[in-house]
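Spelled out from the first residue to the last, the chains are:
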Amino acid sequence: MRISDTSDRWWKNAVIYCLDVEVYLDSNDDGVGDLPGLTRRIDYLAELGVTCLWLMPLYPSPGHDDGYDITDFYAIDPRLGSFGEFVELVRTARDRGIRVIMDLVVNHTSDQHPWFIESRSSRESPKRDYYVWRDNPPTKNQPSAFPGDSDSIWEYDDTTEQYYLHNFYRHQPDLNIAHPPVRDEIARIVGFWTQLGISGFRVDAVPFLIEPKSEEEGAEGHDQLPDPHEYLGDISAFLARRSSEAMLLGEVNLPHQEQLAFFGAGDRPELQMQFDFHGMQQLYLSFARNDARPLTASLAGRPDLPDGCQWGTFVRNHDELTLDQLSDPERDEVFEAFAPDPDMRLYGRGIRRRLPPMFGGDERRIRLAYSLMFSLPGTPVLFYGEEIGMGENLAVEGRYAVRTPMQWSDGKNGGFSKARASDLVVPLTDGEFSPKHVNATSQRRDRDSLTHFIRDLIQAYRNSPEIGWGRLTILEHGDHRVLAHIVRASVGAMLAVHNLADEPVELTLSLPDLEPKSHLFDLLQPKILPINRGTVELLLEPYGHRWLRITSDADTRIG
Ligand code: GLC
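Cut-offs applied
Residues numbered from 1 in each chain as written. Predicted model: local features only at pLDDT ≥ 70, side-chain atom pairs only at ≥ 80, totals over all residues. Heavy atoms only, no water. Helix = DSSP H or I, 4+ residues; strand = E, 2+ residues; numbered from the N terminus. Buried < 20%, exposed > 50% of the residue type's maximum accessible area, 1.4 Å probe, protein only. Contact = heavy atoms within 4.5 Å. Areas by Shrake-Rupley, 256 points an atom, 1.4 Å probe, with all protein chains shown as cover. Lys, Arg positive; Asp, Glu negative; His and termini not counted. Charge placed at Lys NZ, Arg CZ, Asp CG, Glu CD. Domains from an automatic or database assignment. Salt bridge = Lys/Arg side-chain N within 4 Å of Asp/Glu carboxyl O. Polar contact = N/O pair within 3.5 Å; in protein donor to acceptor, adjacent residues only side chain to side chain. Near = heavy atom within 4 Å. Nonpolar A, V, L, I, M, F, W, Y, C, P; charged D, E, K, R; others polar. Core = buried A, V, L, I, M, F, W, Y, C linked by side-chain atoms within 4.5 Å. Pairing = 2+ DSSP bridges. Axes fitted to C-alpha atoms, helices over the stretch in contact; angles between N-to-C directions. Disulfide = S-S within 2.5 Å. Parallel < 35°, antiparallel > 145°, perpendicular 65-115°, else oblique.

### Regarding the overall build of the protein
Along the protein, the regular secondary structure elements total 17 helices and 24 strands. The buried share of the protein, reckoned over its 559 residues, is 61%. Of the contacts made within the protein by residues no fewer than 6 positions apart, 69% connect residues no fewer than 24 positions apart. Of the roughly 21,900 Å² of accessible surface on the protein, a fraction of 47% belongs to carbon and sulfur atoms. Placing the 57 positive and 88 negative side-chain charges of the protein at their respective mean positions leaves the two points 6 Å apart.

Printed below as a string of structure tokens:
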């Protein structure tokens, strides 16, 4: 690691915070969060230690997929604010050292998008080939990503008597990237928002976006894209020409080995970052079993990434907690442990809950989960409200259960809005995770709160660039309840130890590659631990964790 690298590739040790503007803070009392509201909370985010904001879609949309169904890529949903307010937000964030990235959703549009309205109007329409039309659904017909919405990813359209492709909901027709004008539009969209000051994109549904849509039966006579990865590399190269600092963080929910192709190669980057979906799912299996082995195996199986690339680590996001990479019995184990009621499950593959209720509010276990997330090699991605331990509202439909308004105080509507409760864009959480019990204001005042714990973790993480940049070593110690790992870079090394069990554990660890006169400096508690002949003795509490910098007299960093 060189100094220039650490600032150029800022995403290697960023703290990313995802939010949906419409549920963050309402500044004009209409029940919908907005850009001026979010701008007022930039100092809150800076105080927490966030370095990058990921904004969920803020484009105009009929709202049938929470904004992931877009009707205009070059506009802002008027409920959220104006372009003037958007630029003010980006500038304010930047001033506090926070970059802004946003969702790029170009696998599909809304069926209300003018392109689709025109495309479906006649087979001769100039926009016809913006979408994928076929006389017959190909034989390789898959079920839709949302079981229950439709049995097929092909929908018959009466007007022109052909089928269109939709990998997601039927109201989200897939764009045809094999058609050159569509690729031009995508570049224009990327260029447009980059020009407004953003630092990259979270790219939605990448495997669907680039998968060949023209190879199946009935594709003759349609445009062909010779190499989908070449196209992803083209988007990346275009973005790099427009902004030297911008990055792409892709949603690629595939096994690690298959993800590798989406990073590209050193001289031909594609996505700089991808979420570690495999690691996340194995983490929950580990939680369900109180056994570190599934997580350890996933970490050990991560492939080496090209220079400058990075994993995004997360425990929850805005969607259902997908468990699609687990085997059926493994998924059942996780369901049994964390979503015992069928109403907590979604699409047969996921859980529509946030983490604290899944852990029965057990603060020791919640802290363990976040301590793990921040200490694993990669860049942590938080979903708004995780820093205060928000819960879900199962009375709200589908995935909206985890997308309730941010809980700022115990006042009216949790301090989110002064509108009537019935006018709120999504109802608040109730019960033991309601704003009365869980809110940012009271936690800020309480030094022992989860928020302060997360702040401390973020500070320790930001003080330990080896987590983002270093190489991982998993220590062997014979106790499967515990993960002990070291991350080491030229700047130094850190040892993290996590006990996944609800019982105390005594452990002796042998530490490899020590400098003479090394000791362990605890980054979360005012303690220094001796190392005796290369080993350290630890006593971990139930669900206990330690962050220990391996330090010697030569280390000049502050703790
Ligand atoms: C991604 C988003 C999800 C959305 C889907 C279709 O998976 O995370 O919320 O429904 O893409 O755009």
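Here the narrative resumes.
### Looking at the domain arrangement of the protein
Domain boundaries assigned for the protein yield domain 1 (3–107 + 180–461), domain 2 (114–165) and domain 3 (470–552). The C-alpha centroid of domain 3 is placed 30 Å from the C-alpha centroid of domain 1. Contacts between the two partners involve 27 residues from domain 1, matched on the other side by 23 residues from domain 3. Our count for the contact surface shared by domain 1 and domain 3 stands at two salt bridges. Arg364 serves as the salt-bridge partner of Asp502, at 3.2 Å between the closest nitrogen and oxygen. At the junction of domain 1 and domain 3, the tally comes to seven residue pairs in polar contact (both at pLDDT 80 or more). Of all the elements in the fold, those that place two or more residues in the side of domain 1 that touches domain 3 are helix H10 (277–289), helix H11 (293–300), helix H14 (363–375) and helix H16 (450–462). A total of eight residues in the side of domain 1 that touches domain 3 trace back to one element, the largest contributor, which is H14.

### Focus on the site of the ligand
Residues in close proximity to the ligand include Asp65, Tyr68, His108, Phe146, Phe168, Arg202, Asp204, Glu251, His318, Asp319, Arg399 and Arg403, which together make up its full environment. Between the ligand and the protein, one listed contact pairs an oxygen atom with a side-chain N or O atom of His108 at 3.0 Å. Between an oxygen atom of the ligand and a side-chain N or O atom of Asp204, the distance comes to 2.8 Å. Protein burial of the ligand: of its 310 Å² of free accessible surface, 97% is covered by the chains. A breakdown of the residues in the shell around the ligand according to their chemical character gives three nonpolar, two polar and seven charged.

### Things to note about unusual backbone geometry
Despite not being glycine, Asp66 has its phi angle at roughly 50 degrees, a positive value. Here Asp66 is to be found in the loop between strand E2 (52–55) and helix H4 (83–95). Positive phi values are uncommon outside glycine, yet Asp513 reaches one of about 50 degrees. On the secondary structure map, Asp513 appears in the loop between strand E20 (505–510) and strand E21 (519–522).

### Some details on the nonpolar core
Grouped together as the largest cluster of nonpolar side chains are 139 residues, with contacts concentrated most on Tyr17, Leu45 and Leu55. By size, the runner-up hydrophobic cluster in this structure holds 19 residues, among which are Val482, Leu509, Leu538 and Leu540.

### Focus: the sheet that holds strand E4 (residues 133–134)
Within the open sheet, the three strands sit side by side as E4-E6-E5. Their pairing is antiparallel. Both outer strands of the open sheet, E4 and strand E5 (154–157), are each paired with one neighbouring strand and no more. Taken together, the four bridges between E5 and strand E6 (residues 162–165) define a ladder with antiparallel strand orientation. Within E6, the position partnered with Glu155 by the bridge is Tyr164.

### Remarks on the sheet that holds strand E1 (residues 16–19)
Taken in spatial order, the eight strands of this closed barrel run E1-E2-E3-E7-E8-E11-E12-E16, and their pairing is parallel. Strand-to-strand twist of the sheet, defined as the mean angle between neighbouring strand axes without regard to direction, takes the value 25 degrees.

### As for the state of the cysteines
Applying the stated criterion across every chain yields a total of zero disulfides. You can see Cys309 has no disulfide; the closest cysteine sulfur is in Cys52, sitting 16 Å from it.

### What to know about the packing of H10 against H11
Two elements in contact, H10 and H11, have axes separated by 7 Å at closest approach and are oriented at 160 degrees. On the basis of the axis angle, H10 is roughly antiparallel to H11. Along the contact surface, H10 presents His278, Gly279, Gln282, Leu283, Leu285, Ser286 and Arg289, while H11 presents Arg293, Pro294, Leu295 and Ser298. In terms of residue class, the contact of H10 with H11 is built from four nonpolar, five polar and two charged.

### A few points about the pairing of strand E12 (residues 310–313)
Of the two faces of E12, the one holding Gln310 and Gly312 and the one holding Trp311 and Thr313 are both buried throughout. With three bridges connecting them, strand E11 (residues 273–275) and E12 associate as parallel partners. When the bridges of E12 are listed, Gln274 appears paired with Trp311. Pairing of E12 with strand E16 (residues 379–383) involves two bridges; the strand directions are parallel. Across the sheet, Thr313 pairs through a bridge with Pro380, a residue of E16.

### Section: the pairing of E1
Residues of E1 alternate between two faces, with Ile16 and Cys18 on one and Tyr17 and Leu19 on the opposite face, all of them buried. Bridge count for E1 against E16 is three bridges, and the pairing is parallel. Its bridge partner lying in E16, Cys18 is registered against Phe383. As paired elements, E1 and E2 share four bridges and run parallel to each other. Residue Leu19 lies in a different strand from E2, and its bridge partner there is Leu55.

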